[in-house]
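Secondary and tertiary structure notes
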There are 2 protein chains.
Amino acid sequence: MIKAAIVGYGNIGRFALEALDKAPDMECAGIVRRSGSAEGIPELQGRRVCSDIRELGKVDVAILSTPSRKVQENAQKYLAMGICTVDSFDIHSEIWNLRTALDRSAKEGRAASIISAGWDPGTDSVIRALLSGMAPQGVTYTNFGPGRSMGHSVVAKSVPGVRDALSMTLPAGKGVHDRKVYVELEPGADFEAVSAAIKSDPYFVNDRTDVEQVPSVEAVNSLMHGVNLVREGASGITEGQKMEFNMRINNPALTGQVLVMAARAVVKQAPGCYTMIEVPLIDYLPGDRESLVRSLV
Amino acid sequence: MIKAAIVGYGNIGRFALEALDKAPDMECAGIVRRSGSAEGIPELQGRRVCSDIRELGKVDVAILSTPSRKVQENAQKYLAMGICTVDSFDIHSEIWNLRTALDRSAKEGRAASIISAGWDPGTDSVIRALLSGMAPQGVTYTNFGPGRSMGHSVVAKSVPGVRDALSMTLPAGKGVHDRKVYVELEPGADFEAVSAAIKSDPYFVNDRTDVEQVPSVEAVNSLMHGVNLVREGASGITEGQKMEFNMRINNPALTGQVLVMAARAVVKQAPGCYTMIEVPLIDYLPGDRESLVRSLV
């Protein structure tokens, strides 16, 4: 059994724990939280919860369910202890730099790390890599949503007069996205002023953005998200090859599951840092090689 | 540059050669044919064509574009020479046995082999593996077509009174397939008798089969094929995750391209035999690791 610890217990951590409990070949060594306490969290009662992973005894892999900005620091700490790490770091432009930094730390600690193991980056990256090989000359469009953008929601919420906000990413096709922002206002706030402030923010100014006032943001909120990933191109010199991947998913549930897939795979890798496309797919799956090949190939 | 030889020059070999010519990191060492001759094939004029691969000098990988039944014998011959092999062996029930046999041959020859590198088995297998990891509890449906089934066409063509036949696989949903058979008859043949003979053949008797007489099978023929691969299941304990892969492709063009992807990957593997899900995706792609991670992840 692979012993995994969950580090951070927000939305992703909660779903990662559920996926870990369902994995036939893994067990949860415990949950690491800054508070070191399970107080106020009913489903953590009876679990080992601590503030320092060393209290958990032998841990093979740390599942980092912390914000992207905290990933490097946390991963380096665990890799130095010889504990493998996985994360769903999602700042696309910084992935290579993170990989470079963690590759060094991982080799020094004689452990392995799989970074950006969510759905985008993550499983969508796997699809993009596969499709680019199948039709090497061509274009890929990744269309997200409809679904909540955490970053944009936070920005909208920070506008004066806004009590709560939800920014939805809406696919407009060919990789272009529109935004729909639902706002719940403080008493006396001016909707037109709030709407103008949101639309002129650098996060929104380049996108077609619609702002709507609602009595309750909670009432329109959802964890569902999706993607439509399209590639059209040529295999060899034969044009007109068309491939498409669609999914509609509970966003943190899929992210938690992918983190668990990566946690299973990472303990099988040589020391170093990897993105998902650098690891054989079979390593992400439970079960023996023969059964997997027989049932999937 | 990876030096690849094409072994067999039928439909797949021709498209594999086109894909090979387009690969920036590979070159064609030559074409191996039983006849050893390019006679009557305009596009092979000026190419090195021979009956024995040893005439081509150093070859890194042999791309086997021969029928599935010939794969094991051919692969073992080349692996014994230390030449890597790739093939698109498509008899699903025999893949594990082929892998076992070639794994031994590959290790003895200190070469590597990637088998069943087409689109199903092949790239569809990669998708199935990924989706089964993303929603471990669930069901996958693979719906093929519309597109030609070679095996069924051959059976229909062998019925007395049939001059030419084309059997199309039509997706009926949830992994069930119907068949539509176009027949061109010999003069004086009885259509009703032909239709009954086809429908009662073991290849067709369990499927809903429609037979239609046409003046020319050539006129309704096409190289296009497709797949709709659906998985619905749970990530962790969260039900309702839905993922779908669709493609519409020129069948031999995609198979030829996937063989070239596999040929690029196989030379990077340790001695042994692999299916596509056992090799990191990045190995199938041209270019340096940093560029690939930056553009795809």
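You'll find the structure just up there.
Let me begin by describing the structure that accompanies this report. A quick note: this is a predicted structure, and the numbers were derived from the prediction, not measured. (Residues numbered from 1 in each chain as written. Chains lettered and ligands numbered in written order. Predicted model: local features only at pLDDT ≥ 70, side-chain atom pairs only at ≥ 80, totals over all residues. Heavy atoms only, no water.)

**Observations regarding the overall build of chain A**
- When helices and strands are counted, chain A shows eight helices and 14 strands.
- Scaling as 2.2 N^0.38, a compact globule of 297 residues should have a C-alpha radius of gyration of about 19 Å, and chain A matches this with 21 Å.
- By its C-alpha atoms, chain A is 60 × 60 × 35 Å across when sized along the principal axes.
- Residues counted as buried form 57% of the 297 residues belonging to chain A.
- Of note, chain A has its 32 positive side-chain charges centred 4 Å away from the centre of its 35 negative side-chain charges. (Helix = DSSP H or I, 4+ residues; strand = E, 2+ residues; numbered from the N terminus. Rg over C-alpha atoms; globule rule 2.2 N^0.38 Å. Buried < 20%, exposed > 50% of the residue type's maximum accessible area, 1.4 Å probe, protein only. Lys, Arg positive; Asp, Glu negative; His and termini not counted. Charge placed at Lys NZ, Arg CZ, Asp CG, Glu CD.)

**Thoughts on the layout of surface pockets**
Residue and element names in this part refer to chain B.
- Roughly 1400 Å³ of volume is contained in the second largest pocket.
- Only α1 (11-22), α5 (150-157), β12 (224-235) and α7 (251-266) provide two or more residues apiece to the lining of the second largest pocket.
- The dominant element in the lining of the second largest pocket, judged by the number of residues it contributes, is α5, at four residues.
- In terms of residue class, the lining of the second largest pocket is built from 15 nonpolar, 16 polar and six charged. (1 Å grid on protein atoms, 1.4 Å probe; cavity = no way out; pocket = protein on both sides within 12 Å on 5 of 7 lines; lining within 4 Å. Points joined across faces, edges and corners; volume = space filled by probe spheres on them. Nonpolar A, V, L, I, M, F, W, Y, C, P; charged D, E, K, R; others polar.)

**Concerning the sheet that holds strand β2 (residues 26-32) of chain B**
All names here are of chain B.
- If you trace the seven strands from one edge of the open sheet to the other, you get β3-β2-β1-β4-β5-β6-β14, paired in parallel fashion. With one partner strand each, in any of the chains shown, β3 (49-50) and β14 (272-274) form the two edges of the open sheet.
- Inspection of the sheet shows strand β1 (residues 2-7) paired to strand β4 (residues 61-64) by four bridges, in the parallel sense. Bridging across to β4, A4 finds its partner in V61.
- The sheet strands contacting α1 are β1, β2 and β4, and the helix crosses β2 at an angle near 155 degrees.
- Across the sheet, helix α3 (residues 95-109) lies against β6 (112-114) and β14, angled at about 145 degrees from β14, the strand it touches most. (Pairing = 2+ DSSP bridges. Contact = heavy atoms within 4.5 Å. Axes fitted to C-alpha atoms, helices over the stretch in contact; angles between N-to-C directions.)

**Notes on helix α4 (residues 123-134) of chain A**
Residue and element names in this part refer to chain A.
- Helix length check: α4, at 12 residues, gives a terminal C-alpha distance of 17 Å against a target of 16 Å (1.5 Å per residue), a fit within 8%.
- Counting buried positions along α4 gives 12 out of 12 residues, so the element sits mostly inside the fold.
- When α4 is considered as a whole, its buried residues turn out to be T123, D124, S125, V126, I127, R128, A129, L130, L131, S132, G133 and M134. (Expected span 1.5 Å × (residues − 1).)

**Structural notes on the interface of chain B and chain A**
- Counting residues at the interface gives 59 residues for chain B, matched by 59 residues for chain A.
- Summed over both sides, the interface between chain B and chain A buries roughly 5200 Å², with carbon and sulfur atoms accounting for 67% of that surface.
- A per-residue breakdown of the area chain B buries against chain A is headed by W96, L130 and V297 of chain B, which together make up 14% of the total.
- Inspection of the chain B/chain A interface yields two salt bridges. (Buried area = accessible area lost by both parts, 1.4 Å probe. Salt bridge = Lys/Arg side-chain N within 4 Å of Asp/Glu carboxyl O.)

**Side note on the sheet that holds strand β7 (residues 137-144) of chain B**
- Taken in spatial order, the six strands make up an open sheet running β7(A)-β12(A)-β13(A)-β13(B)-β12(B)-β7(B), and their pairing is antiparallel. Lying at the two open borders of the sheet, with one neighbouring strand each, are β7 (137-144) of chain A together with β7 of chain B. Strand-to-strand twist of the sheet, defined as the mean angle between neighbouring strand axes without regard to direction, takes the value 10 degrees.
- Against the sheet, α7 of chain B touches β12 (224-235) and β13 (238-250) of chain A together with β12 and β13 (238-250) of chain B, its axis set at about 105 degrees to β13 of chain B.

**Describing the packing of helix α1 (residues 11-22) of chain A against helix α7 (residues 251-266) of chain A**
All names here are of chain A.
- Closest axis-to-axis distance for the α1/α7 pair is 7 Å, and the angle between their directions is 55 degrees. Comparing the axis directions of α1 and α7 gives the class oblique. Here the hand of the crossing between α1 and α7 comes out right-handed. Here α1 contributes N11, I12, F15, A16, A19 and L20 to the contact with α7, which in turn contributes P252, A253, T255, G256, Q257, L259 and V260.
- Its residues assigned to classes, the contact of α1 with α7 shows nine nonpolar, four polar and no charged. (Parallel < 35°, antiparallel > 145°, perpendicular 65-115°, else oblique. Left-handed = near helix turned anticlockwise from the far one by under 90°.)

**A short note on the packing of aromatic side chains**
All names here are of chain B.
- Inspection of the entire model under this criterion finds two aromatic pairs over all chains.
- Sitting over the ring of F15, R14 keeps its end group 4.6 Å from the ring centre.
- Here K174 stacks its cationic end above the ring of Y141, 5.1 Å away from the centre of that ring. (Phe/Tyr/Trp six-rings, centres within 6.5 Å; stacked < 30°, edge-to-face > 60°. Lys NZ or Arg CZ within 6 Å of the ring centre and 35° of its normal.)

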